[in-house]
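The chain contents come next:
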Amino acid sequence: MCGFAGWVDWARDLRDQRHIVEEMTETLTPRGPDAGGVWSSATAVFGHRRLAIIDIDGGAQPMTFARAGVAECAMVFAGEIYNFTELRDELRRRGHQFRTRSDTEVLLHCYLEWGAECVTRLNGMFAFAIWDPDRETLLLARDRLGVKPLLYHAYDGGVIFGSEHKALLAHPLVRPEVDIEGFNELLCVIQTPGNAVFRNIASLPPGHIALVDRDGVRQRRYWGLTSRPHTDGPAETVATVRDLLADTVKRQLVADVSVGTLLSGGLDSSAVTALSARTLAGDGAPPVHSFAFDFVGNDVHFQPSVARPELDTPFARAAAAHIGTAHTEVMLDTPAVLDALPEVVRARDLPGFPDLVAAQYLLFREVRSAVTVALSGESADEVFGGYPWFHRPELRNTPGFPWAVAIDSYLPVLDRDLVARLRSHEYLADRYAQALTEVPRLPGEAPEAARTRELFYLTMTRWLPILLDSKDRTSMRNGLEARVPFCDHRLVEYVWNVPWELKTMDGRNKGLLRAAVADLLPAAVLDRRKTSFPIAQNPEFDSGVRTLLRDELADPNSPLIPIIDVTAVRKLLDTDLESGGFWRSTDTVAWLAHIACWLRTYRVELV
């Protein structure tokens, strides 16, 4: 896992501009604390920061290779190729020779053998860039689900790219401008493929490559979901899911550094942890190290809700004891969460979900003190249908993105003229309609099943990318590689076509997944209700973010003042703290404080 930045320009000599890419790369040092390097030619400059996971002594980047009679190709790569050993064996049979044990070198040789089509052979989470001087072409590529980020700014005659916004914003040609469309993405809590919030910065969509040459950028999709009838019976379906998940976890445990798991005590993380423990035990390795967290004082302040009906801690302990892990509980106190709010803005380059993201960041900081790689249960709800909107008729049948509820809490506290310009509800409706046109339909599918397919597509393409990006940014800010087995494309492709009746077999939420891991988990965990990521419920958090927001109102130079309705915000600050609910006034207050921090830190220009 690493970070990279680069610049290609066909009109100027970049050898004199190497220092700019060095500065871009320096912003990514937390992603790659182990090593760094810069490679340059007249047309292209690549920079890389490395977190060494496979082949610690080899695999340095940028990596180059010179074919006979042709100038050297150069590559920068972030992520992991989980089938690199099979690919290396095949490439050796085709005459390739290797100097290292790294997946990086295998990836470069995959390109040399198969060109841009090499992406179809990869199993992994990845983003990479390859400069081919023979073709005078830059190849940008991103994994199928978008686990690893890849951003770029294209202009007439060149392109600037990198793993994070901050790398691009360190380039003098890229300004921190956000237009109405980008601000609406934040308000609506969606991630439209290609949109990266900042104007003139694009995100390469998941499952896409981009070929960049003198004529500009040409994107092409190399992977997408395909709908077809599911012909396997219940027993075969359960067995296939188990086999795929077990193989995926086994592949993702491969590393030359310490590996652990994130264990909340929910079905998803417990399944990953149990499969990890079984794999390691079979290899004669020590027990897997698992990590859970909670907020200090949650035993007193926790209020059950529909989204969070119960505390995680008892279930995490039960799962750890049953599986036999070396378990660590990380306790986060409220002052630490408040102090981390500015840091998570710098980690994500964006605001949003302040307490959740701060908790995630602090957890990963503690995990990194013990291991370098952690497997997570992220995306099981997207793949198997665990969210309430898959099950509750009033959410299933309402047109729109079912999670996009915060907007009606945000708009009343924003400046009236800005709200009129935003036309956020129209934006949401347009983006929803656009998404529906993309759904891969199954001819003859019944209306109820077709609606279920729509919900899966919306969730996997507009909601999951937000979660994956947050996990990537907060983990990599700590130099921790977070792996997500449920994003294995083979598992995703298979489960996509499993009928809802099988996904909810025995009438249970994610019944298919429960059946696939039934022999691995204690009954309390196996039968547990869906519970969302914990939030800060200590009144100190509420008072802390209200103080932050009051300080903004007291500062006449605050960048927040021009975009809010000050009277409405003061009224919001005077409301009492609610005991629970899906969206609290605390959440809106924290969001506004986070927006202010973001505007100030990045000197954002709203245009």
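Not measured: the values here are computed from a predicted model.

## Thoughts on the domain arrangement of the protein chain
Okay, step 1: For the protein chain, the assigned domains are domain 1 (2–221), domain 2 (234–527) and domain 3 (539–606).
Okay, step 2: Just the C-alpha atoms count here: the centres of domain 1 and domain 2 sit 27 Å apart.
Okay, step 3: Taken residue by residue, the interface counts 44 residues in domain 1 and 55 residues in domain 2.
Okay, step 4: Buried area between domain 1 and domain 2, summed over both chains or domains, comes out near 4100 Å², and the portion from carbon and sulfur atoms is 63%.
Okay, step 5: At the boundary of domain 1 and domain 2, one finds seven salt bridges.
Okay, step 6: Put simply, Glu86 and Arg251 hold a salt bridge, and the shortest N to O gap is 2.8 Å.
Okay, step 7: Run the count over domain 1 and domain 2 and you get 18 residue pairs in polar contact (both at pLDDT 80 or more).
Okay, step 8: Those elements giving two or more residues to the side of domain 1 that touches domain 2 turn out to be α4 (165–169) and α5 (180–188).
Okay, step 9: Counting residues per element, the side of domain 1 that touches domain 2 draws most heavily on α5, at eight residues.
Okay, step 10: In terms of residue class, the side of domain 1 that touches domain 2 is made up of 24 nonpolar, nine polar and eleven charged.

## Some words on the sheet that holds strand β3 (residues 44–50)
Okay, step 1: The strand order β2-β3-β1-β9-β8-β11 describes an open sheet built from six strands, whose pairing is antiparallel. Among the strands making up the open sheet, the edge pair consists of β2 (35–40) and β11 (202–203).
Okay, step 2: Summarising the sheet, strand β8 (residues 151–155) and strand β9 (residues 158–162) pair through five bridges and their orientation is antiparallel. Its bridge partner being in β9, Tyr152 is matched across the sheet by Phe161.

## Things to note about the nonpolar core
For soluble globular proteins, nonpolar side chains are generally found buried alongside one another.
Okay, step 1: Core analysis: the biggest nonpolar cluster contains 185 residues, and Phe128, Phe183 and Trp598 have the highest contact counts within it.
Okay, step 2: Not counting residues up to four positions away in its chain, the partners in contact with Phe128 are Phe4, Val76, Phe77, Leu107, Cys118, Val119, Leu122, Leu139, Leu140, Ala141 and Leu150.
Okay, step 3: Among the nonpolar cores identified, the runner-up in size contains 23 residues, and Trp10, Trp39, Ala127 and Val159 belong to it.

## Details of the sheet that holds strand β17 (residues 373–375)
Okay, step 1: Pairing is parallel across the open sheet formed by five strands, whose spatial order is β16-β15-β14-β17-β18. Only two strands of the sheet have a single partner each, and these edge strands are β16 (326–332) and β18 (481–483). Direction aside, neighbouring strands of the sheet carry axes that sit 30° apart on average.
Okay, step 2: Strand direction decides the pairing type here: strand β14 (residues 259–262) and β17, joined by three bridges, are parallel. Residue Gly260 lies in a different strand from β17, and its bridge partner there is Ala374.
Okay, step 3: Packing against the sheet, helix α9 (residues 313–323) makes contact with β15 (289–295) and β16, and its axis sits at approximately 165° to β16.

## Here's the deal with the pattern of salt bridges
Okay, step 1: This model, assessed by the stated rule, comprises 54 salt bridges.
Okay, step 2: Two residues, Asp247 and Arg490, come together in a salt bridge whose shortest N-O distance is 2.9 Å. Highlighted residues: Asp247 in helix α6 (residues 234–252) and Arg490 in helix α18 (residues 489–496), separated in sequence by 243 residues.
Okay, step 3: By relative accessible area, which is 24% here, Arg490 ends up partly exposed.
Okay, step 4: Asp268 is the partner of Lys510 in a salt bridge, and the nearest nitrogen-oxygen pair spans 2.7 Å. Taken together, the positions of Lys510 in the loop between α19 (500–503) and α20 (511–516) and Asp268 in helix α7 (residues 267–282) put the pair 242 residues apart, joining distant regions of the chain. Each member of the pair Lys510 and Asp268 is classed as buried.
Okay, step 5: Bridged by salt links that share partners, the residues Arg31, Lys148, Glu164, Lys166, Asp349, Asp469, Asp472 and Arg473 form one connected network.

## Structural notes on the packing of helix α10 (residues 334–348) against helix α11 (residues 354–368)
Okay, step 1: Two elements in contact, α10 and α11, have axes separated by 8 Å at closest approach and are oriented at 90°. When the axis of α10 is compared with that of α11, the two are roughly perpendicular. Contact residues: α10 offers Ala336, Val337, Ala340, Leu341, Glu343, Val344 and Arg348, while α11 offers Pro354, Asp355, Val357, Ala358, Tyr361 and Leu362.
Okay, step 2: In the contact of α10 with α11, the residues fall into ten nonpolar, no polar and three charged.

## Describing the UniProt feature "active site" (unreviewed entry) in the protein chain
Okay, step 1: When the UniProt feature table is mapped to this numbering, "active site" (unreviewed entry) covers Cys2.
Okay, step 2: The residue Cys2 is located in strand β1 (residues 2–9) in this model.
Okay, step 3: Overall, Cys2 belongs to the buried group, its relative accessible area being 5%.
Okay, step 4: When neighbours within four sequence positions are excluded, Cys2 is seen to be in contact with Arg31, His48, Arg49, Arg50, Leu51, Gln61, Phe77, Ala78, Gly79 and Met476.

## A look at the pairing of strand β6 (residues 124–132)
Okay, step 1: Counting buried residues along β6, nine of its nine residues qualify, which places the element largely inside the surrounding structure.
Okay, step 2: Of the two faces of β6, the one carrying Gly124, Phe126, Phe128, Ile130 and Asp132 and the one carrying Met125, Ala127, Ala129 and Trp131 are both buried.
Okay, step 3: Sheet topology places strand β5 (residues 73–81) next to β6; eight bridges connect them, and they run antiparallel. Each bridged residue has a counterpart across the sheet, and for Ala74 the counterpart in β6 is Trp131.
Okay, step 4: Pairing geometry for β6 and strand β7 (residues 137–142), over six bridges, is antiparallel. Within β7, the position partnered with Asp132 by the bridge is Thr137.
Okay, step 5: Between β6 and β7, which follow one another and run antiparallel, lie four residues, and Glu136 among them has a positive phi close to 50°.

## Examining the side chain of His96
Okay, step 1: Within the secondary structure layout, His96 lies in the loop between α2 (84–93) and α3 (103–114).
Okay, step 2: Within the structure, His96 has its side chain in polar contact with the side chain of His109 (distance 2.9 Å).
Okay, step 3: Among residues more than four places away in sequence, those in contact with His96 are Leu91, His109, Leu112 and Glu113.

## A short note on the pairing of β9
Okay, step 1: Of all five residues making up β9, five are buried, and the element is well covered by its neighbours.
Okay, step 2: Of the two faces of β9, both are covered, the one formed by Gly158, Ile160 and Gly162 as well as the one formed by Val159 and Phe161.
Okay, step 3: Of the strand pairs in this sheet, β1 and β9 are connected by five bridges, and their pairing is antiparallel. Within β9, the position partnered with Gly6 by the bridge is Phe161.

## Focus on α3
Okay, step 1: Taking 1.5 Å per residue, twelve residues should reach 16 Å; α3 reaches 16 Å between its end C-alpha atoms and fits that length.
Okay, step 2: Within α3, eleven of the twelve residues are buried, leaving the element largely enclosed by the surrounding structure.
Okay, step 3: Of all the positions in α3, only Asp103, Thr104, Glu105, Val106, Leu107, Leu108, His109, Cys110, Tyr111, Leu112 and Trp114 are classed as buried.
Okay, step 4: Its buried side turned inward, α3 meets β4 (63–65), β5, α2, β6 and β7.
Okay, step 5: Just downstream of α3 lies Gly115, where phi reads positive at about 70°.

Reading the values: rules and limits
- Residues numbered from 1 in each chain as written.
- Predicted model: local features only at pLDDT ≥ 70, side-chain atom pairs only at ≥ 80, totals over all residues.
- Heavy atoms only, no water.
- Domains from an automatic or database assignment.
- Contact = heavy atoms within 4.5 Å.
- Buried area = accessible area lost by both parts, 1.4 Å probe.
- Salt bridge = Lys/Arg side-chain N within 4 Å of Asp/Glu carboxyl O.
- Polar contact = N/O pair within 3.5 Å; in protein donor to acceptor, adjacent residues only side chain to side chain.
- Helix = DSSP H or I, 4+ residues; strand = E, 2+ residues; numbered from the N terminus.
- Nonpolar A, V, L, I, M, F, W, Y, C, P; charged D, E, K, R; others polar.
- Pairing = 2+ DSSP bridges.
- Core = buried A, V, L, I, M, F, W, Y, C linked by side-chain atoms within 4.5 Å.
- Buried < 20%, exposed > 50% of the residue type's maximum accessible area, 1.4 Å probe, protein only.
- Axes fitted to C-alpha atoms, helices over the stretch in contact; angles between N-to-C directions.
- Parallel < 35°, antiparallel > 145°, perpendicular 65-115°, else oblique.
- UniProt positions renumbered as here; feature names shortened; annotations may be inferred.
- Expected span 1.5 Å × (residues − 1).

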